[in-house]
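Below, each chain spelled out in residue letters.
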Amino acid sequence: MAVSRQTSSWIAVCSALALAACSSSEPPPSHITPNTQGWWRDKVFYEIFVRSFADSDGNGTGDLRGLTAHLDALNDGDAGTTSDLGVDAVWLMPINPSPSYHGYDVTDYRDVNPAYGSLADFDAFVAAAHSRGIKVILDMVLNHSSSKHPWFLDSWTGAAAPKRDWYVWRDTDPGWRQPFGSFGPTWYPVYGSYYYGVFTSSMPDLNLTNPAVETELVDSMKFWLARGVDGFRLDAVRYYVETAADAGQQDQPGTHDFLRRIRDRLQADYPDALLVAEAWATLDIAATYYGNGDEAQLAFSFELADQMKKAIAAGDATDIVSTLYRIDDALGGKDRGFDAPFLSNHDQRRVMRDLGGDPGAARVAAATLLALPGTPFIYYGEELGMQGGPSQDDVDKRTPYRWNATPGHGFSSGSPWYDAPEAAGVDLATQQADPGSLWHLYRNLVALRHAQTPLSKGSSSIPALRAAPAGVMALLRTDGQKRVLFVANVGTAAAGSFGVGVATPGTPTVLLQEGLGTASPTSSEVTVSALAPRGFAFLSL
Ligand SMILES: [Ca+2]
Ligand SMILES: [Ca+2]
């Protein structure tokens, strides 16, 4: 319902405004690199909270030098070694100066948080990452700044302030509430006027319809691109432009216009710059941020992440399959690779906690994630089965990485800035020494995805199943003549013999499996003799 309202309001606005404001039906400018051709198509991303990854100087706070010193654990640049996870792109949560621990309220878009290091440390990090074949994208928080940003400190002094219209002010309180379920206030009084902050009073929304603000932010992004950054994760895109209460506070035509303009302006100078949209919404809404192939190149698949976790916890694959069908519909005629699938991120309980600490569930979840089309993202520590802390507080989702079983976890020689207990064995050193660990499974899955182009960038389809229980799903990935069939049993009961409706001339080659009986071809299907609870298999056809 929300989607059809959005569509009709878009049409109404388009017919009411000048044609120039409704350019979405026009092809992108020629310097826009098509979404289908980007460097990210065969990458596996890894999301990092710098504060919690590795502390180089023992003050308990993770930093850029610590991150740089530990890059070999992510990817040592040598495809022949098996001591690294093998991810080949990283997303750093905000590294800009900020008064808060998480960094999502920025006070300077062109500098590094001193707690994390210096611009020189950042340059060294980018060089070290690139030398290992690791791409780097930064979190870019364009919707709002910190209330401590010099722009806002100027803006709030009065109506005549030079930066007054860099933020969103009204003379009276419009009374809008937050549009995302919490229904808190969004307008805050200062000297008899009101400013808009969709998240909190300490995060005033920037006025992204002001060309001066847009130019400043584009130039700030180019500042990082010039330092070698490969793109950006765009925070909270749904809230960029606001026009009215409720529905007018999210997914507005002006937001799509803004995205198109910044993609255009960035790619005019940096054709390979990647924009990943955080549009936390149903998949139909997230798909609108594809635009005409001229907005974001990737968008996180929030709905798929929710359905995967629920389905695996319940042992019934039906909702994963139906969600994949709905994504195919939503992206029909566009680019199925627009999806950025993931299991959890810094705003969500860790997937291992959502799955009740069930190691089998975590393993089949990992296998499913890395079988999906699009560009997958792994949240740091997910590959160890970290659960984070028990509360719903965000800090419990962002606890220090476990490098080893020592008291400071190998994270810090001092006292970590925050901590929460984890089960024994949830650390990298222990899991590297155990070939059966979750870390080794992730490493094998990443390596398989890189070795098999059908998995990394092939098309996908959902084969019919015969006599399969509800826990079973299958996905066929195809790149030219090469095909990889993924089958999984997310259920807690063993699956007996079932058929997967894919014709193949010869006996499938098992690439990676857990709990598979045999897979043998007939004239019309691949017959699987048995698949254990939480079992899965990747078969080359
Ligand atoms: Ca430190
Ligand atoms: Ca906004």
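The rules behind each value
Residues numbered from 1 in each chain as written. Chains lettered and ligands numbered in written order. Predicted model: local features only at pLDDT ≥ 70, side-chain atom pairs only at ≥ 80, totals over all residues. Helix = DSSP H or I, 4+ residues; strand = E, 2+ residues; numbered from the N terminus. Buried ≥ 20, exposed ≤ 12 C-beta atoms within 10 Å, placed from the backbone. Contact = placed C-beta atoms within 7 Å. Expected span 1.5 Å × (residues − 1). Axes fitted to C-alpha atoms, helices over the stretch in contact; angles between N-to-C directions. Parallel < 35°, antiparallel > 145°, perpendicular 65-115°, else oblique. Left-handed = near helix turned anticlockwise from the far one by under 90°. pLDDT = per-residue confidence, 0-100. Arc of directions from axis to C-beta. Pairing = 2+ DSSP bridges.

Right, let's get into the environment of Ser412. The topology assignment puts Ser412 in the loop between strand 11 (377-379) and helix 13 (428-432). The exposure class of Ser412 is buried, given the 25 C-beta atoms found within 10 Å. In this structure the C-alpha to C-alpha distance between Ser412 and Gln267, which are 145 residues apart in sequence, comes to 39 Å. Those residues within four positions of Ser412 in sequence are excluded, and the remaining contacts are Asp55, Gly58 and Gly60.

Quick look at helix 9 (residues 302-314) now. Between its first and last C-alpha, helix 9 extends 18 Å over 13 residues, near the 18 Å set by a 1.5 Å rise per residue. Considering only its buried residues, helix 9 is in contact with helix 8 (283-287), strand 9 (298-300), helix 10 (318-330), helix 11 (351-354) and helix 12 (359-369). Phi turns positive, to about 75°, at Gly315, one or two residues after helix 9.

Between two packed helices, what matters for the description is the angle formed by their axes and the separation of those axes. Two numbers describe how helix 9 lies on helix 10: the axes approach to 8 Å, and their chain directions differ by 165°. If you check the angle between helix 9 and helix 10, you find them roughly antiparallel. Read as a crossing pair, helix 9 and helix 10 show a hand that is left-handed. Residue-level inspection shows Glu303, Leu304, Gln307, Met308, Lys310 and Ala311 of helix 9 in contact with helix 10, the latter providing Asp319, Ile320, Thr323 and Ile327.

Attention shifts here to the confidence of the model for the chain. Scored by pLDDT, the chain comes out at a mean of 94, with 95% of its residues at no less than 70. Below pLDDT 50 for its whole length, residues 1-23 participates in 10 contacts with residues either more than four positions away or in separate chains.

Looking now at helix 4 (residues 119-131). Here helix 4 spans 18 Å end to end across 13 residues, near enough to the 18 Å set by a 1.5 Å rise per residue. Buried residues of helix 4: Phe122, Phe125, Val126 and Ala129, and no others. Along the axis of helix 4, the buried residues cluster in a sector spanning 95°; they form a single face. Pointing more than 90 degrees away from the buried face of helix 4 are the exposed residues Ala120, Ala127 and Ser131. Tucked inside the fold, the buried residues of helix 4 contact helix 2 (64-69), helix 3 (71-74), strand 2 (89-92) and strand 3 (135-140). Immediately downstream of helix 4, the backbone of Gly133 shows phi near 80°, a positive value.

Time to look at the sheet that holds strand 17 (residues 509-516). A sheet is described by the order of its strands in space; here 5 strands give the open sequence 12-14-15-20-17, paired in antiparallel fashion. Across the chains shown, the open sheet's two edge strands, defined by having one partner strand only, are strand 12 (459-461) and strand 17. With direction set aside, neighbouring strand axes in the sheet form an average angle of 10°. As paired elements, strand 17 and strand 20 (residues 531-540) share 6 bridges and run antiparallel to each other. Bridged to Glu514 within strand 20 is Phe536. Across the sheet, helix 12 touches strand 15 (482-489), strand 17 and strand 20, and the angle it forms with strand 20 is around 25°.

The next point concerns the sheet that holds strand 11. Taken in spatial order, the 8 strands make up an open sheet running 10-9-8-7-3-2-1-11, and their pairing is parallel. Strands with a single pairing partner mark the edges of an open sheet, and in this sheet they are strand 10 (339-340) and strand 11.

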